[in-house]
2 protein chains.
Amino acid sequence: MSIERSSCKECHQSHHCIAAKLSEAVRGNKVKDISRHEAIYVRGQRIFSQSACSSACYIVKSGSVKIVNVDAQGNERIIGFYLPGEVFGWEGVFRGSFPSTAIAMERSMVCKIPIEYLEQRASAKPDFIHSLLKLMSRELNNVEQLAIRLTRYTAEERIISFLLDLSQRYADRKLSALYFRLPMNRTDIANHLGLAVETVSRVLGRIQHDGDLTIRGRELKILNHSRLLSKISVAPNTEIRYISEENKTKVLELDPKCLSGTSF
Amino acid sequence: MSIERSSCKECHQSHHCIAAKLSEAVRGNKVKDISRHEAIYVRGQRIFSQSACSSACYIVKSGSVKIVNVDAQGNERIIGFYLPGEVFGWEGVFRGSFPSTAIAMERSMVCKIPIEYLEQRASAKPDFIHSLLKLMSRELNNVEQLAIRLTRYTAEERIISFLLDLSQRYADRKLSALYFRLPMNRTDIANHLGLAVETVSRVLGRIQHDGDLTIRGRELKILNHSRLLSKISVAPNTEIRYISEENKTKVLELDPKCLSGTSF
DNA sequence: CGGGTACTTGATTATCGTCAACAATCGTGG
DNA sequence: CCACGATTGTTGACGATAATCAAGTACCCG
């Protein structure tokens, strides 16, 4: 039994849901008859597979999902984790096929919306185009943040920054930001952050010993949020100052064209 | 003198240009009267600044541009480099302000197109929505690739993969893939790849010594492309096999719903 | 030609990965 | 309810890769 005809009204994620937004934008009423496909996946099951031809985006309704990329040598890297209410799968739009695989990390309900459908409806309601672009842009922001996290951050900084990011996302969903359960195991955290499992274990142990958090298995309690925050990126590497320097010396050479009307 | 009224016809980048695509899509004719703003920037000059409120995308017409993120401690990280024909600035759409700064790496001509304009025109021609989404999705693919490059890759693998990526991008622009000039200095490469300048220098020296490429200053010549390719990611770390394993054991538990109709 | 930036090379150190062994937890079935 | 095996997590010893510190060379631009 496909759940396509089920109402989105009862969906706990409707306030995050792009389909709901679309429906509201198009009709001004509450969500109904969205062309979508709902399914339940068990732990370890794929939602889509790398190089599968399709383009759709997906919304996590419950559970959690990880996006994994496998390279030519078979090495896997976890690009990201998705929590209830979050949208994933935008990376498939470019080639019309997915550059990575999506895997349910626990029993999860996922809602699938084809891109073509979004595009069609978007053209009917211009405001919605902006919502679409914003959603994708948000994803771009997130991945850039990940790239930054992986560059020059030490193991401890990566882990703290990762945990604080999770915490923030739980807070965004009106859940506790200080006490939650990690949806992934240590191996996945290590893989995602480019570290060895042992390092993750050790660093978590050290942070716990410092009294900034408690972690038992996947149960996490943040005890000293501000101190954790202050620990990430305390000038780990040489501070390079291209922006200020170069601008200082070069601003005088400004081409007149650059100054002309900012409006257009 | 604003160049807004200048024709896009003479632009060498029109075949890469989103504005040109838009114009064609909307009118079926060649590029004209695109609402855009062209400007020349000197080396080190900012095209947009972190947290500046604006949302537009930009096309490199000549020269090259780097996107730099500055964190709370003042540490800078280069997110990406953009070559002629490439589009940047999508990350600003999410918040309506830029999470990073764009800096010209040499005398560069850059074309600016406001997002609102793209959105308006896109609603007039539905096909163009897809082009827009594809462009952003491509950017997402690129940044994910960067994240992968930064995770678990050794210094040598990062550098080779970075150079081969550049090479490919030059090839895409009908320029030589084997002989080109790096638009950035070693410090920028190091920053971008999360390495120390000395490491970049040493690794480049080593690769050169192996006879796979020649590099003098910024002039690069790839001598053995296939061997370089084979050097990236030769199983640097333990091969983790969640996908196959978990799927093998769990596929039997498949919820019937997951198998129902792939079409919708 | 001189000054500054960019790049290279060497010596030393530290972080983190690897290998190895062990402990805790979970899920399943008797 | 407990026992079992399997998965997951922890801890220690050791080594390798790359960062840091330091010095020196090449290059570019005025």
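Everything quoted here is computed from the prediction, not taken from an experiment.

**Student:** Mind showing me how you'd approach the pattern of salt bridges here?
**Tutor:** Under the counting rule described, the total for this entry stands at 24 salt bridges over all chains. Of the charged contacts in the structure, one is a salt bridge between Lys61 of chain A and Glu38 of chain A, with a shortest N-O distance of 2.2 Å. Taken together, the residues span a long stretch of sequence, with Lys61 of chain A in strand β3 (residues 56-62) and Glu38 of chain A in strand β1 (residues 37-41) at a distance of 23 residues. The same class applies to Lys61 of chain A as to Glu38 of chain A, namely buried. Between Asp71 of chain B and Arg77 of chain B there is a salt bridge whose closest N-O contact spans 3.1 Å. For the pair formed by Asp71 of chain B and Arg77 of chain B, the shared burial category is buried. Sharing partners across several salt bridges, the network here consists of Glu86, Arg149, Asp165, Arg169 and Arg173 of chain A.

**Student:** How should I be thinking about the sheet that holds strand β8 (residues 108-114) of chain B in this particular structure?
**Tutor:** What holds strands together in a sheet is hydrogen bonding between their backbones, with the strands either parallel or antiparallel. Residues and elements named next belong to chain B. An order of β1-β8-β3-β6 is seen for the 4 strands of this open sheet, with the pairing classed as antiparallel. Of all the strands in the sheet, just β1 (37-41) and β6 (87-88) have a single pairing partner and so form its edges. In this structure, strand β3 (residues 56-62) lies alongside β8, joined through 6 bridges in antiparallel fashion. Among the inter-strand pairings, Cys57 is bridged to a residue of β8, identified as Ile113. Of the strands in this sheet, β3 and β8 touch helix α2 (residues 115-124), which is tilted by about 55 degrees from β8.

**Student:** Would you mind showing me how to read the domain arrangement of chain A here?
**Tutor:** For interface size, the figure often reported is the accessible area lost on association. Residues and elements named next belong to chain A. What the domain assignment reports for chain A is domain 1 (2-126) and domain 2 (153-259). Buried surface at the junction of domain 1 and domain 2, summed over both partners, amounts to about 1,100 Å²; 52% is from carbon and sulfur atoms. When the buried area of domain 1 at its contact with domain 2 is split by residue, Ile78, Phe81 and Leu83 rank highest and sum to 50% of it. At the junction of domain 1 and domain 2, the tally comes to 3 salt bridges. Glu86 is the partner of Arg169 in a salt bridge, and the nearest nitrogen-oxygen pair spans 2.8 Å.

**Student:** Would you explain the packing of helix α2 (residues 115-124) of chain A against helix α3 (residues 126-150) of chain B in this entry?
**Tutor:** Helix packing for two helices is described by the angle between their axes and how far apart those axes are. Contact pair α2 of chain A / α3 of chain B: the axes reach a minimum separation of 9 Å and the direction vectors enclose 125 degrees. With respect to their mutual orientation, α2 of chain A and α3 of chain B come out oblique. In this structure, α2 of chain A meets α3 of chain B at a crossing whose hand is right-handed. In contact with Ile115, Glu119, Ala122 and Ser123 of chain A of α2 of chain A, α3 of chain B contributes Pro126, Ile129, His130 and Leu133 of chain B. A per-class count over the contact of α2 of chain A with α3 of chain B returns 5 nonpolar, 2 polar and 1 charged.

**Student:** Would you mind going over the UniProt feature "domain: Cyclic nucleotide-binding" (unreviewed entry) in chain A with me for this structure?
**Tutor:** The sites that carry the UniProt feature "domain: Cyclic nucleotide-binding" (unreviewed entry) are, in the present numbering, residues 41-102 of chain A. The span residues 41-102 of chain A shows a helical share of 0% and a strand share of 45%, and its end C-alpha atoms are spaced 11 Å apart.

**Student:** What am I meant to see in helix α4 (residues 155-172) of chain A here?
**Tutor:** In an α-helix, one turn spans 3.6 residues; hence positions three or four apart end up facing the same way. All names here are of chain A. The end-to-end C-alpha distance of α4 is 26 Å, a good match for the 26 Å that 18 residues give at a rise of 1.5 Å each. Most of α4 sits inside the fold, with 14 of its 18 residues counted as buried. With its phi angle positive at about 65 degrees, Lys174 sits one or two positions after the end of α4.

Definitions and cut-offs
- Residues numbered from 1 in each chain as written.
- Chains lettered and ligands numbered in written order.
- Predicted model: local features only at pLDDT ≥ 70, side-chain atom pairs only at ≥ 80, totals over all residues.
- Heavy atoms only, no water.
- Salt bridge = Lys/Arg side-chain N within 4 Å of Asp/Glu carboxyl O.
- Helix = DSSP H or I, 4+ residues; strand = E, 2+ residues; numbered from the N terminus.
- Buried < 20%, exposed > 50% of the residue type's maximum accessible area, 1.4 Å probe, protein only.
- Pairing = 2+ DSSP bridges.
- Contact = heavy atoms within 4.5 Å.
- Axes fitted to C-alpha atoms, helices over the stretch in contact; angles between N-to-C directions.
- Domains from an automatic or database assignment.
- Buried area = accessible area lost by both parts, 1.4 Å probe.
- Parallel < 35°, antiparallel > 145°, perpendicular 65-115°, else oblique.
- Left-handed = near helix turned anticlockwise from the far one by under 90°.
- Nonpolar A, V, L, I, M, F, W, Y, C, P; charged D, E, K, R; others polar.
- UniProt positions renumbered as here; feature names shortened; annotations may be inferred.
- Expected span 1.5 Å × (residues − 1).

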